[in-house]
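Notes for the structure review
As a plain string of letters, each chain reads:
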Amino acid sequence: MAERIPRVPVREQDPKVRAHNFEEVCYGYNLEEATTEASRCLHCKNPRCVTACPVAVKIPEFIAKVKEGDIAGAAAIIAEDSSLPAVCGRVCPQESQCEGSCVLGVRGESVAIGKLERFVADYTAAETPKGEKTLPPEGRATRGTEAGGPLAEPVVGSAEPTPEGGNVFPPKKVAIIGSGPAGLACASDLAKWGYDVTIFEALHKAGGVLEYGIPEFRLPKEAVLKREIDAVKALGVKIETDVIIGRTVSIDSLIDNEGFEAVFVGTGAGLPKFMGIPGENLNGVFSANEFLTRNNLMKAFREDYLTPIHAGKKCCVVGGGNVAMDAARTALRLGAETSIVYRRTEVELPARKEEVHHAKEEGIDFQMLTNPVEIIGDENGWVKALKCIRMELGEPDESGRRSPVPIPGSEFEIPTETVIMALGTAPNPLIVNTTNGLQATRRGGLVADEEGRTTREGIFAGGDAVTGAATVILAMGAGRKAAKAIDEYLKSK
Amino acid sequence: MFKILKREMLTPNICKMVVSAPRIAKSALPGQFLIVLAGEKGERIPLTISDYDREVGTVTIVTQLIGASSAAIIAKEEGEFFRDVVGPLGNPSAFVNMSDEELKGQRYMFIAGGLGTAPVYPQAKWLHDRGVAVDVIIGARTKDLLIYTEELGSACDNLYLCTDDGSVGFHGVGTACLEDLVSKGKEYTQAVAIGPMIMMKFATLTCKKLSIPIDVSLNMLMVDGTGMCGACRVTVAGKTKFACVDGPEFNGYDVDFDEAMRRLGQYKAEEAEEKAKYVK
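The residue count restarts for each chain, going from 1 along the sequence in the order it is written. Whichever chain is written first is A, and whichever ligand is written first is 1; the rest continue in order. Where totals are concerned, whole chains, interfaces and linings use all residues; where local detail is concerned, this predicted model gives features only for residues with pLDDT of at least 70, and gives and counts side-chain atom pairs only at 80 or more. Note that water and hydrogens are dropped before the side-chain values are worked out from all heavy atoms of the structure.

Here's the deal with the pairing of strand E8 (residues 84-89) of chain B
Residues and elements named next belong to chain B. Our working rule: Categorising residues by exposure relies on relative accessible area from a 1.4 Å probe, with only protein chains included: less than 20% of the type maximum marks a residue as buried, more than 50% marks it as exposed, and the intermediate range marks it as partly exposed. Labels follow the DSSP assignment, with helices taken as runs of H or I lasting at least four residues and strands as runs of E lasting at least two, numbered in each case from the N terminus. What makes two strands pair is DSSP finding at least two bridges between them.
Summarising burial for E8: six of the six residues are buried, a large majority. Looking at chain direction, strand E3 (residues 33-37) and E8 are connected through four bridges and run antiparallel. When the sheet's bridge partners are listed, isoleucine 35 is paired in E8 with valine 86.

This is the structure:
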């Protein structure tokens, strides 16, 4: 019986050691571990894991290939649905998606789908000679491997059910705004179907939140992210960095003057939130966005980069999501004794379980049921302490979540040199404000239907730019749906 | 990659560069800024646009040697490339969106200090070309540190130079020069100050005294310049604003200059360390 084999544990860097470096925490499976873990899959007739995956990776099929030792075959199956397997294998909240609905999980431990996906991507990349990328079969048959070049010829004979719309010459041009997960997923599908795709990125490096937000120790930039972005480029996708749509050039100008026939907006949710408490503009108070961007995109942790960063000797991170965990674990690695301050209990922490577990192992202090009320400064305007109040959980509200209520008179101070606000992010209003005919919701998200159609014909949107801050994989799912809608739109045009 | 077409040292510390950036040149307006990254390992440095040529596709930036990253920008030679130039960022100056009707009868006074003199040029030129009355005061410590005198001379009605040591022009700071002019009967409907934060603070105090409205251009610390990091937070009329997307120009009367000055020094310790390594 397959379920008798226990879930194969994954090797990790010693917490005491990794608390002082930015090397990846998790080492991943080797071939033997992966085939053993793959043999645990029951290959359900109606695989619930596939339904629970926002991009519907054919999980049992790729796992079957791993079991047979055909890793290249497994990679080709994943590539049909996901352009970023090494990323997703590392950062997806599998416990609430594929692994969360695995039948084995009901009475024991689910198959380690995320770790297997990651293994397939890493193993294939290590085995593939440089320059040759893993592509789904149709891509492999019809495309060169030149990164970033314009299409030499239209793609024919796609294996995908929908798309033939790209099979005109010259191919129709699609602009993708933002090179994060939504944009990369949308671009990949459209390029596979033969469209001439250009991604515009505001920052100087591609990847969006994968580049500026998620730290090196969870997602290595050179070894993993760059590799997967190069694979997207190998599909024929062009990426133009340093172009801020709405400032450098407008969407209207892309359509009117540069010949783009459809646009996908995947600009994410980049604006930081602050609490609005006294003392937030003191020196030493940072948004998690600033702190993480300095360290990830601008590589402040590396001696050979000029970027300054200030974690202090003691750091408090306010918030309980993945970004809060990332900021806290980064501050810790930069030498700060670090506490997480969160107003609910550990059960309600929105971060992935694995991240919370890793943070605890590394020695992050968790102050639960605690809410900041003021940041106290010294005579020079630098942070000295974080004044907090203890909370308790009250009655469940309409959403069923028990809201935290302050306990009167329980104020206390945590002495600290820095405070990092990780309270979530909102979409940037720049695109809405500079494009005719687009509408935003009260919370700043672009108005779009399930397939990503916005209020203006020819402009589509998906990911955090529509929903507000969510996950990498949901953004990818939205990008893929929009790609389909763009294909239909351009075919009917 | 963005090619440096021209490079000229205006003073021993201040460097002017004309950079090829066609897309940015097409969209740039007075008051906006750019972010420049000299090389892979540098910082993203915000610099106010000092000129642009839509036909040729160039933008002009003027940089002062302050830390390691500005040193890396200045170290570039003609014909070399910047890794990244991003922009135009921020909002254009308020007058850009004003109608001819609204501009009619306005009398502008620009108070420029140090490096801030360069970005005054496209603003003064814009107004001067539209027939709006423009006077400019340029202040510096001494004669040799005055920049853009020729360019600004051709972009305004009256150019006033002032030096702390009296080596040329008015003997004293720019704000004293403004008071002197007003006492002699000059009238202004709007002032704009661009320069060191402390200078803009005193320019604002002087304008308040003279009942002249004033806009100031805040060059805060920034990472992305698009509203993402919040490093450029400033308190304006009691509310937190991001200089990058809400500014960079604000009504001077409303700005908390002391906080802004303090926030500018936030990475001083780290920067001194870097500078010691790279700038000998």
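Quick notes on the environment of arginine 118 of chain A
Residue and element names in this part refer to chain A. Counted only if it meets this: Here, two residues are considered to be in contact whenever any of their heavy atoms come within 4.5 Å of each other.
Residue placement: arginine 118 occurs in helix H8 (residues 113-127). For the pair arginine 118 and alanine 86, spaced 32 residues apart in sequence, the C-alpha separation works out to 4.7 Å. With residues near it in sequence (within four places) discarded, arginine 118 still touches Glu24, Cys26, Tyr27, Gly28, Pro85, Gly89 and Arg90.

Points about the interface of chain A and chain B
Here is the rule: Buried area, as used here, totals the accessible surface that two parts lose on assembly, with accessibility defined by a 1.4 Å probe and the loss added over both. For this document, the term salt bridge refers to a Lys or Arg side-chain nitrogen within 4 Å of an Asp or Glu carboxyl oxygen. We call two N or O atoms a polar contact when they sit within 3.5 Å, provided that within protein one can donate a hydrogen and the other can accept it, with sequence-adjacent residues counted only if both atoms are side-chain atoms.
Chain A puts 45 residues into the contact, and the matching count from chain B is 46 residues. A combined buried area of about 3,800 Å² lies between chain A and chain B, and 50% of that area is made up of carbon and sulfur atoms. Taken together, the connections running from chain A to chain B amount to four salt bridges. A salt bridge links glutamate 258 of chain A to arginine 23 of chain B; the shortest N-O distance between them is 2.5 Å. Between chain A and chain B we count 25 residue pairs in polar contact (both at pLDDT 80 or more) in total. Residue assignment for the side of chain A that touches chain B shows that the elements contributing at least two residues are strand E5 (271-272), strand E6 (285-287) and helix H14 (288-295) of chain A.

A short note on the nonpolar core
The test is simple: Nonpolar cores were defined as sets of buried Ala, Val, Leu, Ile, Met, Phe, Trp, Tyr and Cys residues, with membership established by side-chain atoms within 4.5 Å.
Ile59, Phe62 and Leu190 of chain A are the most contacted members of the largest nonpolar core, which has 72 residues in total. Ranked by the residues each element gives to this core, the list is headed by helix H19 (residues 472-492) of chain A, at ten residues. Apart from residues lying up to four places away in sequence, phenylalanine 62 of chain A is in contact with Val57, Ala74, Ile77, Ile78, Ile113, Leu116, Glu117 and Val120 of chain A. Judged by nonpolar contacts, the second largest core, of 49 residues, contains Ile24, Phe110, Trp126 and Val136 of chain B.

Concerning the sheet that holds strand E16 (residues 459-461) of chain A
Residues and elements named next belong to chain A. For the record, the criterion: In this description, a line fitted to the C-alpha atoms serves as the axis of each element, helices being fitted only across the stretch in contact, and the angle between N-to-C directions of two axes falls anywhere from 0 to 180 degrees.
The five strands are arranged E3-E2-E1-E4-E16 in an open sheet whose pairing can be described as parallel. Taken across any chain shown, the strands that pair with only one partner, and hence form the sheet edges, are strand E3 (238-240) and E16. For this sheet, the mean angle separating the axes of adjacent strands, direction not counted, is 20 degrees. Where strand E1 (residues 173-177) lies against strand E4 (residues 260-265), five bridges are found, and the strand directions are parallel.

Quick look at the domain arrangement of chain B
Residues and elements named next belong to chain B. Our working rule: Domain ranges listed in this record stem from an automatic or a database domain assignment. Gly falls in the polar group here, along with every residue not listed as nonpolar (Ala, Val, Leu, Ile, Met, Phe, Trp, Tyr, Cys, Pro) or charged (Asp, Glu, Lys, Arg).
Split into domains, chain B comes out as domain 1 (2-89), domain 2 (94-214) and domain 3 (218-272). Between domain 1 and domain 3, the C-alpha centre-to-centre distance is 21 Å. The partner domain 3 presents ten residues to the six residues of domain 1 that form the contact. Counting the surface domain 1 buries against domain 3, the share from its top three residues, Phe33, Arg44 and Pro46, is 53%. Our enumeration of links across domain 1 and domain 3 arrives at two residue pairs in polar contact (both at pLDDT 80 or more). Residues that form the side of domain 1 that touches domain 3 fall into these classes: four nonpolar, one polar and one charged.

Some details on the pattern of salt bridges
All names here are of chain B. Per the counting criterion, the structure on display carries 49 salt bridges over all chains. With a shortest N-O distance of 3.3 Å, arginine 83 and glutamate 40 are connected by a salt bridge. With arginine 83 in the loop between strand E7 (81-82) and E8 and glutamate 40 in the loop between E3 and strand E4 (45-48), this pair connects stretches of sequence that are 43 residues apart. For arginine 83, a relative accessible area of 23% corresponds to the partly exposed category.

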